[in-house]
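# Inside the fold
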Number of protein chains: 2
Amino acid sequence: MKIIVDAMGGDHAPLEIVKGALRAKKELGVELLLVGREEAIREILTQENAEMTGIEIVDAREVISMEDDPSTATRRKKDSSMAVALNLLRDERGDAVVSAGSTGALLTGATLTVKRIKGIRRAALAPVLPAGEHGVMLIDCGANVECTAEYLLQFGYMGSFYAKKLMGCENPRVGLLNVGTEDTKGGELQHQTFALLKQAHEEGRINFIGNVEGTGVFNGSADVIVTDGFTGNVLLKGTEGVIKYMMKALKGVFYSSTKNKLAALVLKKDLAAMKKSMDVNEVGGTALVGISKPVIKAHGSSNEASFFAAIRQAVAFVQSGIIDEIKENIDYMKLKTE
Amino acid sequence: MKIIVDAMGGDHAPLEIVKGALRAKKELGVELLLVGREEAIREILTQENAEMTGIEIVDAREVISMEDDPSTATRRKKDSSMAVALNLLRDERGDAVVSAGSTGALLTGATLTVKRIKGIRRAALAPVLPAGEHGVMLIDCGANVECTAEYLLQFGYMGSFYAKKLMGCENPRVGLLNVGTEDTKGGELQHQTFALLKQAHEEGRINFIGNVEGTGVFNGSADVIVTDGFTGNVLLKGTEGVIKYMMKALKGVFYSSTKNKLAALVLKKDLAAMKKSMDVNEVGGTALVGISKPVIKAHGSSNEASFFAAIRQAVAFVQSGIIDEIKENIDYMKLKTE
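Sequence order as written defines the numbering, with residues in each chain counted from 1. The lettering of chains begins at A and the numbering of ligands begins at 1, in the order of writing. Whole-chain, interface and lining totals are the exception, using all residues; otherwise, since this is a predicted model, local features are given only for residues with pLDDT of at least 70 and side-chain atom pairs are given and counted only at 80 or more. Side-chain metrics in this entry use all non-hydrogen atoms of the structure; hydrogen atoms and water are not considered.

Here, residues are in contact when the closest pair of their heavy atoms is within 4.5 Å. Across the contact, 46 residues belong to chain A and 46 residues belong to chain B. Put simply, buried area is how much 1.4 Å-probe accessible surface two parts lose in total, over both of them, once they are put together. Together, Phe230, Tyr245 and Met246 of chain A form the three largest contributors to the area buried by chain A at its contact with chain B, with a combined 17%. Every case where a carboxyl oxygen of Asp or Glu lies within 4 Å of a side-chain nitrogen of Lys or Arg is listed as a salt bridge. The interface formed by chain A and chain B includes two salt bridges. Across the pair Glu213 of chain B and Lys237 of chain A runs a salt bridge, and its minimum N-O distance is 2.3 Å. Polar contact is the term for a pair of N or O atoms within 3.5 Å; when the atoms are in protein, one must be able to donate a hydrogen and the other to accept it, and sequence-neighboring residues count only if both atoms are side-chain atoms. Taken together, the links from chain A to chain B amount to 12 residue pairs in polar contact (both at pLDDT 80 or more). The way it works is that DSSP assigns letters per residue, a run of H or I at least four long becomes a helix, a run of E at least two long becomes a strand, and they are numbered from the N terminus. Residue assignment for the side of chain A that touches chain B shows that the elements contributing at least two residues are helix 7 (188-202), helix 8 (229-254) and helix 9 (258-277) of chain A. Residue contributions to the side of chain A that touches chain B peak at 20 residues, all from helix 8 of chain A.

Written out as structure tokens, the structure reads:
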């Protein structure tokens with residue numbers, strides 16, 4: 001398997017990206033197509049004493065930054081590492097793209113260059129949150145600010161396939177994010193989506209468990225939570241914010257007295273493990289679900305370990321055959337009336 | 001000041017409700033109008049050796065439960081403690097209603113019986129979250145699943161008045177909840193609302209600081225965060241869920257070994273204080289902002305202490321003059337085109 005790496009994307013590119021990729025080559029046995037400024041990449045490879053068999057470099061002179069408009073970035077910077085990486089994927093020069101660059105630019109670029117799976121209305125950004133036995137997929141988390149019920153139906157299907165093939169859920173419980181658990185809750189979008197998901201459940205295609213509240217995201221009541229990208233994004237970032245806030249408050253308790261400092265020292269290792277287990281980055285990257293070939297977004301702050309985890313996820317994604325499963329089921333995923 | 005108490009609302013009614021009310025009478029010097037089953041209330045008053053001066057009981061035979069449809073509950077159960085309490089407020093028999101009963105029923109009942117302030121399109125459920133120096137008001141959190149930009153503009157004004165008068169913010173920073181901080185983020189609702197809030201800022205009426213992400217709720221970047229009730233509700237419940245999840249994970253760490261148990265024992269008191277400081281219930285109740293007279297929702301699980309806190313908040317609300325301030329500014333809060 002060959003992974004196309006956007007070597008210039010992310011806060012710690014190219015050093016940590018290339019190091020993470022080298023680790024993936026060693027531990028997972030993948031080949032690498034490293035895309036970016038050749039001299040910078042070569043310098044790191046030399047410094048790391050990299051064995052060059054199975055490594056190709058494709059030179060790309062530009063870098064997409066957070067200041068670039070995501071909706072036009074890959075079109076305007078045609079020689080950027082991200083645009084070139086996506087072109088290579090389209091041309092079947094590799095099996096997946098992994099990038100820690102701008103989420104919006106990657107999403108737009110993937111949609112324009114690699115294209116969506118035929119029949120899929122919108123690709124979704126679908127992170128797996130570290131909760132419950134297998135994790136919880138929140139789909140969509142920001143790719144689509146305004147959604148139709150058909151988009152959400154497709155998110156439900158794609159999330160269900162993902163949870164089955166990549167999260168180890170046998171019969172994934174798909175819930176619709178809402179303001180209450182009663183069937184009639186929510187606005188027009190929720191009412192329409194509820195009906196579509198219920199029908200898919202009755203046809204035996206997905207396991208729709210009904211509406212799920214915000215509290216349900218972290219209590220393990222569902223494996224896949226379907227929502228529009230606006231709500232999902234706010235919820236995801238809100239929970240990130242609370243976790244940070246609580247960690248800070250905990251730190252305050254630990255440093256408030258000498259006896260607390262000593263007690264905290266005893267707990268230090270186990271608390272660090274707990275913190276790590278709640279870190280979204282540890283899960284790996286976030287799949288752009290609905291694109292016709294595997295594209296994985298690694299966290300912008302990726303270091304070697306998290307970029308390695310993102311490549312590991314890309315490998316699992318390629319092996320899962322999820323894209324084929326979506327293609328095979330696409331007729332059920334479209335509204336009958338259209 | 002006379003507080004009208006729905007003595008039968010909430011999981012621990014009437015005992016904890018009446019006890020909380022008696023504490024408020026003693027500590028805050030308020031008079032009480034206790035509404036509910038007279039014999040049950042009298043029994044508690046006798047048991048608590050209550051001094052009857054300043055206490056009136058109004059008998060109401062029915063109780064609104066969580067099973068009643070919120071949108072029709074106070075109309076269908078006309079002799080319920082909640083419906084009777086709201087009627088008493090409308091008839092100026094007291095200064096405020098405090099209820100731990102169904103949020104939806106209270107909101108609908110207050111809107112139908114007590115009515116909104118003239119010109120206010122929708123009342124909002126606006127809890128103050130325990131973050132930042134003064135707390136952060138999230139408005140709306142579930143009263144209005146579908147909103148227009150005009151509703152959100154009014155929430156911005158009302159939240160700003162509330163933060164100034166009740167949270168101790170001199171020049172409250174009003175933010176619009178969005179998927180990014182850039183001005184152009186979000187969908188149609190956010191674009192329209194951004195323009196209205198910006199105009200209000202330019203006219204010097206509110207201090208609009210622009211878009212705020214989900215991470216901004218708990219990092220103290222705004223005092224008032226404006227959003228539609230769907231997003232606000234999901235965010236509020238999501239953060240509640242994460243806090244619970246983290247507390248459980250912490251507990252797991254504490255019980256994982258004997259040495260951890262001993263260390264946790266040292267920290268116990270300070271951790272309990274931290275947990276309490278993050279508890280939404282400790283702030284008191286949640287004001288139904290936009291109703292023409294003060295109505296405060298206490299948490300459904302209210303015990304004596306939290307119901308007391310909700311009455312304390314009702315007293316502050318009455319004294320603040322916020323309803324008059326909204327009335328005086330109502331012309332600026334309506335869209336010019338209508």
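Having seen it, we continue.
With that settled, the discussion passes to the packing of helix 6 (residues 149-166) of chain B against helix 11 (residues 322-333) of chain B. Residues and elements named next belong to chain B. Where helix 6 meets helix 11, the closest approach of the two axes is 10 Å, and the angle between their N-to-C directions is 145°. Helix 11 is crossed by helix 6, and the crossing has right-handed handedness. Contacts between helix 6 and helix 11 involve Glu150, Leu153, Gln154, Tyr157, Met158, Phe161, Tyr162, Lys164, Lys165 and Leu166 from the former and Ile322, Glu325, Ile326, Asn329, Tyr332 and Met333 from the latter. Gly falls in the polar group here, along with every residue not listed as nonpolar (Ala, Val, Leu, Ile, Met, Phe, Trp, Tyr, Cys, Pro) or charged (Asp, Glu, Lys, Arg). Classifying every residue of the contact of helix 6 with helix 11 gives 10 nonpolar, two polar and four charged. Here an axis means a line fitted to C-alpha atoms, over the contact stretch when the element is a helix, while the angle between two N-to-C directions is reported on a 0 to 180 degree scale. By convention, the crossing between two helices is left-handed when the near helix turns anticlockwise from the far helix through less than a right angle, and right-handed when the turn is clockwise.

Pairs were defined over the aromatic rings of Phe, Tyr and Trp, the Trp ring being its six-membered one, requiring ring centres within 6.5 Å. Orientation was assigned from the angle between planes: stacked under 30 degrees, edge-to-face over 60, tilted for the rest. For the structure shown, the criterion picks out eight aromatic pairs over all chains. Ring geometry for Tyr162 of chain B and Phe317 of chain B: centres 6.3 Å apart, planes at 50°, overall tilted. Of this pair, Tyr162 of chain B sits in helix 6 while Phe317 of chain B sits in helix 10 (residues 304-320), and the two are 155 residues apart along the sequence. Side by side, Tyr162 of chain B and Phe317 of chain B carry an identical accessibility label, which is buried. Ring-over charges, as used throughout, are those where CZ of Arg or NZ of Lys falls within 6 Å of the ring centre and within 35 degrees of the ring normal. Sitting over the face of the ring of Phe308 of chain A, Arg23 of chain A holds its NZ or CZ atom 3.9 Å from the ring centroid. The cationic tip of Arg205 of chain A hangs over the ring face of Tyr332 of chain A; the distance from NZ or CZ to the ring centre is 3.4 Å. Only protein chains enter the accessibility calculation, which uses a 1.4 Å probe. A residue is then buried if its area is under 20% of the maximum for its type, exposed if over 50%, and partly exposed in between.

It is worth spelling out the pairing of strand 11 (residues 286-289) of chain A at this point. For a regular strand, side chains alternate in direction, first toward one face of the sheet and then toward the other. Side chains of strand 11 of chain A alternate between two faces, with Thr286 and Leu288 of chain A and Ala287 and Val289 of chain A buried alike. The pairing criterion for strands is at least two bridges between them, as found by DSSP. Connecting the antiparallel pair strand 11 of chain A and strand 12 (residues 295-297) of chain A is a turn made up of five residues, with Gly290 of chain A showing a positive phi of about 115°.

All names here are of chain A. Considering the arrangement of structural elements, one finds Thr193 in helix 7. By relative accessible area, Thr193 is classed as buried at 0%. Setting aside anything within four residues of it in sequence, one finds Thr193 in contact with Ala149, Leu152, Leu153 and Leu176.

The next point concerns the nonpolar core. When a protein is soluble and globular, its nonpolar side chains tend to lie buried together. In terms of nonpolar packing, the biggest core is built from 67 residues, with Ile3, Val5, Leu34, Val98, Phe155, Tyr162 and Ile311 of chain A touching the most fellow members. Per-element tally for this core: the top contributor is helix 6 (residues 149-166) of chain A, with 10 residues. Ignoring any residue separated from it by four or fewer positions in sequence, one finds Ile3 of chain A in contact with Val30, Glu31, Leu32, Leu33, Ala96, Val98, Ile311, Ala314 and Val315 of chain A. In this text, buried Ala, Val, Leu, Ile, Met, Phe, Trp, Tyr and Cys residues form a nonpolar core when linked through side-chain atoms within 4.5 Å. Membership of the second largest hydrophobic core comes to 66 residues, among which are Ala24, Val98, Ala149 and Phe317 of chain B.

With that settled, the discussion passes to the sheet that holds strand 1 (residues 2-6) of chain B. All names here are of chain B. The sheet built from seven strands is open, its strands ordered 3-2-1-4-12-11-5 with mixed pairing. The open sheet has two edge strands, strand 3 (55-59) and strand 5 (124-126), and neither has a second partner. Each neighbouring strand pair of the sheet contributes to a mean axis angle of 25°, computed without reference to strand direction. The sheet contact formed by strand 1 and strand 4 (residues 96-99) spans four bridges and is parallel. Across the sheet, Ile4 pairs through a bridge with Val97, a residue of strand 4. Helix-sheet contacts for helix 2 (residues 38-47) involve strand 2 (31-36) and strand 3, and the interaxial angle to strand 3 is about 155°. Sheet strands touched by helix 4 (residues 81-90): strand 1, strand 2, strand 3, strand 4 and strand 12 (295-297). Its angle to strand 2, the strand with the most contacts, is close to 140°.

From the geometry alone we can't say anything about function, so treat these as descriptive.
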